[in-house]
Amino acid sequence: MPFLEYAIGANYGRFWRRLKEAGARDGRNPAALAAIFLGCMAKYGCGLTDFVDYQFWNLTREERREYVTIKDSDVFYEKVNPSRYKTFFTVKPNFLKNFAPYIKRGYFLPEEGGADGLDRFLQDKDQVMVKPVDGLGGHGVRKLSVAELGDRAALLQELKDSRLFLEELIDQHPEISALCPASVNTIRVMTVAAGGKSDILYAGLRVGAGADVDNFHAGGMGVHVNVDTGALEGDAVNKQGDLFPDHPVTGTHFDGRVLPMWDQVRRICLEAALVNPHIHVVGWDVAVTPEGPVFVEGNRRPGFDLPQMTSHRGRKDIMRAAEAFIAAAEG
């Protein structure tokens, strides 16, 4: 049912624009690509974004079968992370409270703080982050200058009406900031946990391209991370499939760069993976500060676009590894 809802509610105008752009780059007729898409949707459960992001028209049948599509992920996540437990993660204030030891920054919830709480939170701050209570892909996240604020009562009402909350800015480690100082560049760590044990399935670094957020869906780029060493491997890639050996704004080289405090990043992810025994697979967004790593958020349905695009191949092996880990731990 989720896949059908996705297909019905998809933005076909945006898809057609992306298909024409892809056709122009590849010298392919967009109508012919659309016909290929319909076959891939029927055979592989491929969504519109899957088809364009992974350039399914350039893949062999064997390669296509290894890509995790929207239909595959719907089935997988309902199996390993039942939706009845989703608000533990998807409602961001819940996440901040449930994983408080790993947050280490202040935040303001309008339904709990009121006008006095808002004044206390904003005191001595130059900027804060505005975030939606629930949302995906970094949408609705922005910086807010405290000096430019007008009526505080109006702000409080806007936060309530629009289901927003405020967070302190994260002071990221200078070695991470060097990649793109405009955004907090986060590490996506995908873990699996069951039976009191946990492991890391994948890691990738997301880097902004100049915007306030690093999100892969908001113009950022990603690069594969070696889960054992914390070293970046290969070029960065964006959602259009463009490759970047160096950051296009800062010129910082990616391949071989080792992320700071990697052992601590691994430790907190493996620990936190055990907090909710009903959610077996989580995508943690980790920021590294000078004092150590902290969580930005945790995702009950971490997308496979970052793992697959930074690996330049389908990653159904991640799903198989997760299911085997869970079966062995619980068997």
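Predicted model only: the values in this text are computed from it and were never measured. The residue numbers shown here count from 1 along each chain, following its written sequence. With pLDDT at 70 or above as the cut-off, local features in this predicted model cover only qualifying residues; side-chain atom pairs require 80 or more to be listed or tallied, and sums for whole chains, interfaces and linings still use all residues. As a rule here, side-chain values come from all non-hydrogen atoms in the structure, and water together with hydrogens is ignored.

Caption draft 1: Spatial organisation of helix 2 (residues 12-26). Helical segments are the DSSP runs of H or I of at least four residues, strand segments are the runs of E of at least two, and each set is numbered from the N terminus. The span you would expect from a helix comes to 1.5 Å times its residue count less one. Helix length check: helix 2 (15 residues) gives 20 Å between terminal C-alpha atoms against 21 Å at 1.5 Å per residue, within 8%. For this analysis, residues touch if any pair of their heavy atoms sits within 4.5 Å. In the core, the buried residues of helix 2 are packed alongside helix 3 (30-44) and helix 4 (48-53). Just beyond helix 2, the residue with positive phi is glycine 27, at close to 70°.

Caption draft 2: Region of the structure containing the packing of helix 9 (residues 110-122) against helix 10 (residues 152-161). At a minimum axis distance of 10 Å, the contact between helix 9 and helix 10 shows a crossing angle of 140°. Comparing their axes, helix 10 and helix 9 come out oblique. Judged by the sense of rotation from one axis to the other, the crossing of helix 9 with helix 10 is right-handed. Contacts between helix 9 and helix 10 pair Pro110, Gly114, Ala115, Leu118, Asp119 and Leu122 from the former with Arg152, Leu155, Leu156, Leu159 and Lys160 from the latter. Interaxial angles span 0 to 180 degrees and are taken between N-to-C directions of axes, which are lines fitted to C-alpha atoms, for helices over the stretch in contact. Roughly parallel covers angles under 35 degrees, roughly antiparallel covers those over 145, roughly perpendicular covers 65 to 115, and oblique covers all other angles. Helix crossings get a hand from a simple test, with the near helix turned counterclockwise from the far one by less than a right angle marking a left-handed crossing and a clockwise turn marking a right-handed one.

Caption draft 3: Quick look at the sheet that holds strand 11 (residues 292-299). For two strands to be treated as a pair, DSSP must find no fewer than two bridges joining them. The seven strands are arranged 9-8-7-6-5-10-11 in an open sheet whose pairing can be described as antiparallel. A strand with exactly one partner marks an edge of an open sheet, and here the two such strands are strand 9 (243-244) and strand 11. Pairing between strand 8 (residues 232-238) and strand 9: two bridges, direction antiparallel. Considered in strand 9, the bridge of alanine 236 is made with phenylalanine 244. Contacts between helix 14 (residues 316-330) and the sheet are confined to strand 5 (187-194), strand 6 (197-207) and strand 10 (281-289), with strand 5 contributing the most and set at about 35° to the helix.

Caption draft 4: Representation of the side chain of threonine 289. Relative to the assigned elements, threonine 289 resides in strand 10. Here the term buried applies to any residue with accessible area under 20% of the maximum for its type, exposed to any over 50%, and partly exposed to those in between, with areas from a 1.4 Å probe on protein chains only. Take threonine 289: its relative accessible area is 9%, and that puts it in the buried class. Among the polar contacts listed, one links the side chain of threonine 289 to the backbone oxygen of glycine 292, at a separation of 2.7 Å. Two N or O atoms form a polar contact when they lie within 3.5 Å of each other; inside protein one atom must be a possible hydrogen donor and the other a possible acceptor, and for residues adjacent in sequence the pair counts only when both atoms belong to side chains.

Caption draft 5: Expanded view of the sheet that holds strand 1 (residues 107-108). An order of 1-4-2-3 is seen for the four strands of this open sheet, with the pairing classed as antiparallel. Single-partner strands in this sheet number two, and they are strand 1 and strand 3 (142-145). Against the sheet, helix 10 contacts strand 1, strand 2 (127-132), strand 3 and strand 4 (164-168), and its axis sits at roughly 115° relative to strand 4.

Caption draft 6: Spotlight on the packing of aromatic side chains. In summary, the pairing rule links any two rings of Phe, Tyr or Trp, Trp by its six-membered ring, whose centres are within 6.5 Å, and it sorts them by plane angle into stacked for under 30 degrees, edge-to-face for over 60 and tilted for everything else. Counted according to the given criterion, the structure contains 24 aromatic pairs. Relative to phenylalanine 56, the ring of tyrosine 54 has its centre 6.5 Å away and its plane inclined at 40°; by these criteria the two rings are tilted. Accessibility expressed as a relative area gives 7% for tyrosine 54, which makes it buried. On the accessibility criterion, phenylalanine 56 (0% relative accessible area) is buried. Consider the rings of phenylalanine 88 and phenylalanine 89, whose centres lie 5.6 Å apart with planes at 55°: the pair is tilted. In textbook terms, an aromatic cluster arises when at least three aromatic residues are bridged by ring pairs, as seen for Phe15, Phe37, Tyr44, Phe51, Tyr54, Phe56, Trp57 and Tyr67.

Any functional reading would require information beyond the geometric quantities listed.
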